[in-house]
Amino acid sequence: METIAVYWENRAKTYGLQVERELSLFQISTTSSELAELGSMLMNDSGGIRFSWALVQTSSHQRLKISLLLSQEWAPAMQVLVGHSQENGKHFDVQIVSPVELVYFHGPHFGDRYGIADTTLGTLRRKGLPILAAGCTGASVYIVAPEHYSEKIKQTLSDSFDTPNE
Amino acid sequence: MGSKIRVDGIKFSQELMHITISSGPGKKDLNTRLLRSMAENRINCPILFYSAMDRCSQGAVCITLEDSHRLEQMLAMNPDLKENVQYLSPVGAISLFPHKFSLKLLGCLMHVFGKTGLPIYGMAASLSALTLTTDFHMLDGAIESLMPYISLPPNHAPFRPQLRIKAI
């Protein structure tokens, strides 16, 4: 059965723009063959470490780039975990960028509508605002930015999206 | 292997096309142009993965197969975009709920996909789910490989979508 409903917004609505600061971005590059061991380490030895956001991408050299965004309080534990693996002969390339900031938001049916990614990333790039990483899945949009940029990003996105009054 | 990781639900996407666009040092980042053109042509990207570090950017979007014809028409009008994109199709997405911001479920996915040789084209967290893209025809096999590590409630929702929403 097909149902057609007509709905129009001048600007897409969100449930509010959220900001997290004092985060560390771990970028771990690994081969597909090492992925099982890295996964096993995270599954069994990560204890209570919580991520704020995560992204995995394939790179052009058949490597996987795993970006883990952690609160700075978890960063030392993560460094120890990765360090132990490297001592045991694993060759994960790790790059840490810290501190970084996160802006994220959710909106109704974002995953079903065209233009949300362009309104977000396109607007920020056209304004010259730096983005270290970003992802859209489901009804969520996540943007990782260098320190001190989250407020500018939030202000810029507030001009492009409808956000609840604070 | 320790106790199983509790997962309350798993959702499969419909068939998708995965489009990658990369820019090296000194090259213009074409991801923004791709997104703008897609919006102008009313092509939704339900999934986007993007990173930009060390003057290199890498982006990937997924679109539904029914939008792929319009994407090809769009790229035919944008030759510089067309020569910088790579396609994979059909791709499918698996979303697992909830991740509880724990590295255990993320690590489990990486371990199982690495061990079985199943491809991961991209993965990102949202508010409650981890969404991973792989070959569409391997979705059922992926769940079979995950089952020794995860537990699902007996009354979990169907994996395949029963309702589709499309903006026109």
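Just so it is clear, the model here is predicted, and its values are computed rather than measured. (Residues numbered from 1 in each chain as written. Chains lettered and ligands numbered in written order. Predicted model: local features only at pLDDT ≥ 70, side-chain atom pairs only at ≥ 80, totals over all residues.)

What follows concerns the overall build of chain A. Each helix and strand in chain A was counted, giving 4 helices and 6 strands. Ordering the α and β elements of chain A from the N terminus gives β-α-β-β-α-β-α-β-β-α. Dimensions of chain A, computed from the C-alpha atoms along their principal axes, are close to 60 × 45 × 30 Å. Within chain A, the proportion of its 166 residues that are buried is 45%. (Helix = DSSP H or I, 4+ residues; strand = E, 2+ residues; numbered from the N terminus. Buried ≥ 20, exposed ≤ 12 C-beta atoms within 10 Å, placed from the backbone.)

Once that is clear, we can look at unusual backbone geometry. For the bond running from A:Ser98 to A:Pro99, omega is -5 degrees, close enough to zero to count as cis. Following B:Ser89, the chain continues to B:Pro90 via a peptide bond in cis, the omega torsion being -5 degrees. Its place among the elements puts B:Pro90 in strand β6 (residues 85–97). Here A:His148, not a glycine, exhibits a phi torsion of approximately 80 degrees, which is positive. Along the chain, A:His148 turns up in the loop between β6 (140–146) and α4 (150–160). In this structure A:His148 comes out as exposed when scored by C-beta crowding, with 10 C-beta atoms within 10 Å.

Bringing the domain arrangement of chain B into the picture now. Residue and element names in this part refer to chain B. Partitioning chain B into domains gives domain 1 (5–14 + 91–151) and domain 2 (16–89). The gap between the C-alpha centroids of domain 1 and domain 2 is 24 Å. Each partner contributes to the interface: domain 1 provides 10 residues, whereas domain 2 provides 10 residues. Secondary-structure elements contributing two or more residues to the side of domain 1 that touches domain 2 are β6, β7 (122–125) and β8 (130–135). If one sorts the elements of the side of domain 1 that touches domain 2 by residue count, β6 sits on top with 3 residues. Within the side of domain 1 that touches domain 2, the residues separate by chemical class into 4 nonpolar, 6 polar and no charged. (Domains from an automatic or database assignment. Contact = placed C-beta atoms within 7 Å. Nonpolar A, V, L, I, M, F, W, Y, C, P; charged D, E, K, R; others polar.)

Right, let's talk about the interface of chain B and chain A for a bit. Chain B puts 48 residues into the contact, and the matching count from chain A is 47 residues. At the level of elements, α1 (31–40), β4 (47–53), β5 (56–64), α4 (103–116) and β7 of chain B are the ones that each hand at least two residues to the side of chain B that touches chain A. Broken down by element, the residue count for the side of chain B that touches chain A peaks at 11 residues, all from α4(B). Class assignment of the residues belonging to the side of chain B that touches chain A gives a composition of 29 nonpolar, 14 polar and 5 charged.

Right, let's get into the nonpolar core. Ranked by internal contacts, the top residues of the largest apolar core, which has 99 residues, are A:Leu69, A:Leu70, A:Ile143, A:Val144 and B:Leu109. If we skip the residues at most four places from it in the chain, A:Ile143 touches A:Val103, A:Tyr104, A:Ile131, A:Ala134 and A:Ile153. (Core = buried A, V, L, I, M, F, W, Y, C linked by C-beta atoms within 7 Å.)

Across the two faces of β7(B) the burial is the same, with B:Gly122 and B:Ala124 and B:Met123 and B:Ala125 all buried. In the sheet, strand β2 (residues 51–58) of chain A pairs with β7(B) via 3 bridges, with the strands oriented antiparallel. Across the sheet, residue A:Leu55 finds its bridge partner in β7(B), namely B:Ala124. Connecting the antiparallel pair β7(B) and β8(B) is a turn made up of 4 residues. (Pairing = 2+ DSSP bridges.)

The next thing to look at is the pairing of β2(A). Walk down a regular strand and you will see the side chains alternate between the two sheet faces. Residue and element names in this part refer to chain A. In terms of burial, β2 is largely enclosed, as 8 of its 8 residues are buried. Here β2 pairs with strand β3 (residues 63–71) via 7 bridges, running antiparallel. Across the sheet, Leu55 pairs through a bridge with Ser67, a residue of β3.

What follows deals with helix α5 (residues 139–146) of chain B. In an α-helix, one turn spans 3.6 residues; hence positions three or four apart end up facing the same way. All names here are of chain B. By the burial criterion, the buried members of α5 are Leu139, Ala142 and Leu146. Looking down the long axis of α5, one finds its buried residues gathered within 60 degrees of arc, a one-sided arrangement. The exposed set on the far side of α5, more than 90 degrees from its buried face, consists of Asp140 and Glu144. Check the buried side of α5 and you find it contacts β2 (9–12), β6, α4, β8 and β9 (150–151). (Arc of directions from axis to C-beta.)

This part is about the domain arrangement of chain A. Residues and elements named next belong to chain A. Taken domain by domain, chain A consists of domain 1 (26–96) and domain 2 (100–160). Each of domain 1 and domain 2 has a C-alpha centre, and the two are 25 Å apart. Counting residues at the interface gives 5 residues for domain 1 and 5 residues for domain 2. Of all elements in the fold, only β2 and β3 reach the threshold of two or more residues within the side of domain 1 that touches domain 2. Broken down by element, the side of domain 1 that touches domain 2 gets its largest block of residues, 3 residues, from β2. Taken together, the residues that form the side of domain 1 that touches domain 2 break down as 3 nonpolar, 2 polar and no charged.

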